[in-house]
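Next come the chains, spelled out residue by residue.
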Amino acid sequence: MTRNNKTDKIHVGYVGLGATGGALARRLMLSRKIHVFDIRTEVVREFAEDGALATDSLPSLARACDIIFICLPTSAAVRDAIFGEDGMAKGLSSGKVIIDQTTGDPFETRNIARDLAEVGVQLVDAPVSGGPRGAVAGTISIMCGGQFDVFETVRPVIELISPNFVYCGETGNGHGATLVDNAVAACNRLITYEAVTMGFKYGLSIDEMSKVINMGTGWSAASERILPVLGSGGQTEPFQLKLMVKDLRLASQIGMRCGAPMLIANMVRSTFETGSNELGGSADLDQMKHLFEAMANVKFTRSPLAK
Amino acid sequence: MQIGYVGLGAMGGALARRLLAERSLTVWDLNRDAVVALEGLGASAAPSAAELARRCDVVLLCLPRSSDVRQLIFGSTGLADGLAPGKLVIDQTSGIPGETRSLARQLAAQGARMIDAPVSGGVSGAAAGTITIMTSGPDDAYEQALPVLRSISPNIFRCGRRVGDAQAMKLVNNAMSVSCRLATLEIVAMGKKMGLSLETMTDVINKGSGRNRTSNVMLRTMVDGKPSLSNFALSLMLKDVNQAIELGMECGSPMAITNIVRGLLQIGVNTLGDNPQLEEVLGLIESMAATRIVEDRSTA
């Protein structure tokens, strides 16, 4: 990989080694040494055993690195990791770049970028869509926002994660684009459950509906993954309901701030809120099928309901 | 006790006039015309918010948004400059509970108190002295506010000891009120389209289990061909419903129905022209159903 040569002298760090952040960091580790930090020391130890350079504090990671990736649950956590007590700020200096891969709040991201600019640090937002599996496979989609010249300087490193990136414009636009994509995916998932519940209760088999929908105009990335395993109780992507609710709340808030109605996405968000209340926030997305089963008083099986 | 009022818009102006009927009042507003109108009724004008706070023991305010309240209090020549220890701010804004709590905490650091006391009942209720006042805050601030609030209306409901709970109550009420309004209009549009007369539906609904304030006031007014007395910007109701939904998100309540209402109000704000009034959502509901609830709009 010729591009690697350009980035060899750049020191890269990764903060936040959760399901997504961890997978993205491992992807980087395939082509270079990286510094890593997470509040869970046992996770850092695992990464060190696999060849990463462990750091014991955020300021020391920030001092050691030119480019610092960060992937945390919320933008508030990102602000805290940068400007909070024992945050990165003490180790940051002019010319460094932070790449925020959190599924964050675009407005808060712009505020963080403004505060970082005061100390000469640039921020690029580069959240992802495609889940940990896509991250491992190197096929994950990355939506990038930030000043174009800054984006160009970090682009060779972003490419190490996946070649599927889109530059979306100013700071925060990567986060905005991800929330839009997420909202579409969430709506696709629930309409897939809802319509198939109706078909199942009417007497169609899930496997037949799966074939028809996935060859037809009802097809979506959600139907493609959900329907083949719905009857047999198989899993799609592990993703906690509380995180989905968080993402959809951010999308709703953007709608309110810019004055977009969001009728359907809000209905879907309310339904996920209900699911999170009834099934628990740490249940994963696939469990939402139980809500649709309960609401329609059916139980999905491979064979169609007897009429 | 010297009393001041800041924010002399449709609602704040009406509440200030009501106070002025019983007490001497100092006023301030960015809008000079609104100040002059109150001066004409005997109020004295302060040159700035800070100066009003220096002259008064109790300062009431009613602004469009909590962000305006923050600016008024802590902006340059803001109220905070004149709020000596022991003085009280009563926020009548339909504001954000958490934001008001945070303002109250900041004021407490300089020894000043703040409670919330939003109202429900419109300009006419304020003028008649019958408006509903919701208020919440700690005992000492509540006792200090009570005689002033009684000069506005005797209908005072204490909603809690925590600042902001009254504003939360107001959001609960407004989200419910506007959801009933849209549901009522939507269903009446269906009834009208399938052939029932507005008069029949209004009579029956108001004698039946579907009755509510919209059926009782708005539908009746339309049947009687009288002009509406309601005066409330659709954008302000949208703001209230948005704030109610934010409360739902904070505490994890789905709000499925309110969210749909929010979407429809947003469509109304986007499509009904320049600064539409709340009652103009009628036009949106009619257009969605391709029917007319009121045939002759000049009488509505």
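Residues numbered from 1 in each chain as written. Chains lettered and ligands numbered in written order. Predicted model: local features only at pLDDT ≥ 70, side-chain atom pairs only at ≥ 80, totals over all residues. Heavy atoms only, no water.

**Quick notes on the packing of helix α8 (residues 165-193) of chain B against helix α10 (residues 213-223) of chain B**
All names here are of chain B.
Step number 1: Between α8 and α10, the least distance of the axes is 10 Å, while the angle of their chain directions is 50°. Viewed along their axes, α8 and α10 adopt a mutual orientation that is oblique. Classified by chirality, the crossing of α10 by α8 is right-handed. Here α8 contributes Cys-180, Arg-181, Thr-184, Leu-185 and Val-188 to the contact with α10, which in turn contributes Thr-214, Ser-215, Met-218, Leu-219 and Met-222.
Step number 2: A class-by-class count of the residues in the contact of α8 with α10 yields six nonpolar, three polar and one charged. (Axes fitted to C-alpha atoms, helices over the stretch in contact; angles between N-to-C directions. Helix = DSSP H or I, 4+ residues; strand = E, 2+ residues; numbered from the N terminus. Parallel < 35°, antiparallel > 145°, perpendicular 65-115°, else oblique. Left-handed = near helix turned anticlockwise from the far one by under 90°. Contact = heavy atoms within 4.5 Å. Nonpolar A, V, L, I, M, F, W, Y, C, P; charged D, E, K, R; others polar.)

**Examining the packing of aromatic side chains**
Given two aromatic rings, one states the distance between the centres and the angle between the planes to describe the pair.
Step number 1: Scanning the model with the defined rule gives seven aromatic pairs over all chains in all.
Step number 2: Joined through ring pairs, the aromatic side chains of A:Phe148, A:Phe151, A:Phe165 and A:Tyr167 make up one cluster.
Step number 3: Over the face of the ring belonging to A:Phe107 we find A:Arg110, whose NZ or CZ atom lies 5.9 Å from the ring centre.
Step number 4: For the cation-ring pair, B:Arg158 lies above B:Tyr142, with the distance from its terminal atom to the ring centre recorded as 4.2 Å. (Phe/Tyr/Trp six-rings, centres within 6.5 Å; stacked < 30°, edge-to-face > 60°. Lys NZ or Arg CZ within 6 Å of the ring centre and 35° of its normal.)

**Details of the side chain of A:Thr109**
Step number 1: Here A:Thr109 lies in helix α6 (residues 106-117).
Step number 2: Of note is the side chain of A:Thr109, whose polar atom sits 2.7 Å from the side chain of A:His175. (Polar contact = N/O pair within 3.5 Å; in protein donor to acceptor, adjacent residues only side chain to side chain.)

**Side note on the interface of chain B and chain A**
Where interface size is quoted, it is often the accessible area lost as the parts come together.
Step number 1: With 17 residues of chain B in contact, the opposing surface of chain A contributes 16 residues.
Step number 2: Carbon and sulfur atoms make up 58% of the area that chain B and chain A hide from each other, which totals about 1,400 Å².
Step number 3: In this structure, the connection of chain B to chain A is made through zero salt bridges.
Step number 4: In this structure, the connection of chain B to chain A is made through 10 residue pairs in polar contact (both at pLDDT 80 or more).
Step number 5: Among the elements of the structure, α11 (234-251) and α12 (256-271) of chain B are those that each provide at least two residues to the side of chain B that touches chain A.
Step number 6: Ranked by residues supplied to the side of chain B that touches chain A, first place goes to α12(B) with nine residues.
Step number 7: Here the residues of the side of chain B that touches chain A are counted per class, giving eight nonpolar, seven polar and two charged. (Buried area = accessible area lost by both parts, 1.4 Å probe. Salt bridge = Lys/Arg side-chain N within 4 Å of Asp/Glu carboxyl O.)

**Concerning the environment of B:Ser67**
Step number 1: Relative to the helices and strands, B:Ser67 is located in helix α4 (residues 66-74).
Step number 2: With relative accessibility at 49%, the residue B:Ser67 sits in the partly exposed group. (Buried < 20%, exposed > 50% of the residue type's maximum accessible area, 1.4 Å probe, protein only.)

**Observations regarding the sheet that holds strand β9 (residues 165-167) of chain A**
Residue and element names in this part refer to chain A.
Step number 1: Spatially, β7-β8-β9 is the arrangement adopted by the three strands of the open sheet, whose pairing is mixed. The open sheet has two free edges, formed respectively by β7 (128-129) and β9, since each of these has just one partner strand.
Step number 2: Against the sheet, helix α8 (residues 148-161) touches β8 (141-144) and β9, its axis set at about 175° to β9. (Pairing = 2+ DSSP bridges.)

**Remarks on the pattern of salt bridges**
Step number 1: Applying the stated criterion across every chain, the model contains 28 salt bridges over all chains.
Step number 2: Of the charged contacts, one joins A:Arg302 and A:Asp207 as a salt bridge, the two residues approaching to 2.8 Å between their closest N and O atoms. Note that A:Arg302 is positioned in the segment after α14 (288-296) and A:Asp207 in helix α10 (residues 206-215), a separation of 95 residues in sequence.
Step number 3: Judged by its relative accessible area of 51%, A:Arg302 falls in the exposed class.
Step number 4: Residue B:Arg32 pairs with B:Glu39 through a salt bridge whose shortest N-O separation is 3.5 Å.
Step number 5: Judged by its relative accessible area of 32%, B:Glu39 is partly exposed.
Step number 6: The network of salt bridges with shared partners includes A:Arg79, A:Glu108 and A:Asp115.

**Concerning the side chain of A:Ser270**
Step number 1: On the secondary structure map, A:Ser270 appears in helix α13 (residues 263-279).
Step number 2: Within polar-contact distance, the side chain of A:Ser270 engages the backbone oxygen of B:Pro254 at 3.3 Å.

**Looking at a nonpolar patch on the surface**
Step number 1: A cluster of nonpolar residues, A:Leu263, A:Ile264, A:Met267 and B:Ile260, forms a patch on the protein surface that exposes about 320 Å² of accessible area.
Step number 2: At three residues, the largest contribution of residues to the nonpolar patch is made by α13(A). (Patch = residues over 30% accessible without salt bridge, like charges linked within 9 Å, V, L, I, M, F, W, Y side chains within 5 Å. Areas by Shrake-Rupley, 256 points an atom, 1.4 Å probe, with all protein chains shown as cover.)

**Points about the nonpolar core**
Step number 1: In this structure, A:Tyr14, A:Leu28, A:Phe69, A:Ile99, A:Ile142 and A:Ile158 are the most contacted members of the largest nonpolar core, which totals 34 residues.
Step number 2: Looking at this core, the elements that each hand over two or more residues are β1 (12-15), α2 (19-29), β2 (34-37), α3 (41-49), β4 (67-70), β5 (97-100), β8 and α8 of chain A.
Step number 3: If one sorts the elements of this core by residue count, α8(A) sits on top with seven residues.
Step number 4: Those residues in contact with A:Phe69 that sit more than four places away from it in its chain are A:Val12, A:Gly13, A:Tyr14, A:Val15, A:Leu28, A:Ile99, A:Gln101, A:Val157 and A:Ile161.
Step number 5: B:Ala34, B:Leu88, B:Ile131 and B:Ile152 belong to the second largest nonpolar core, which has 33 residues in total. (Core = buried A, V, L, I, M, F, W, Y, C linked by side-chain atoms within 4.5 Å.)

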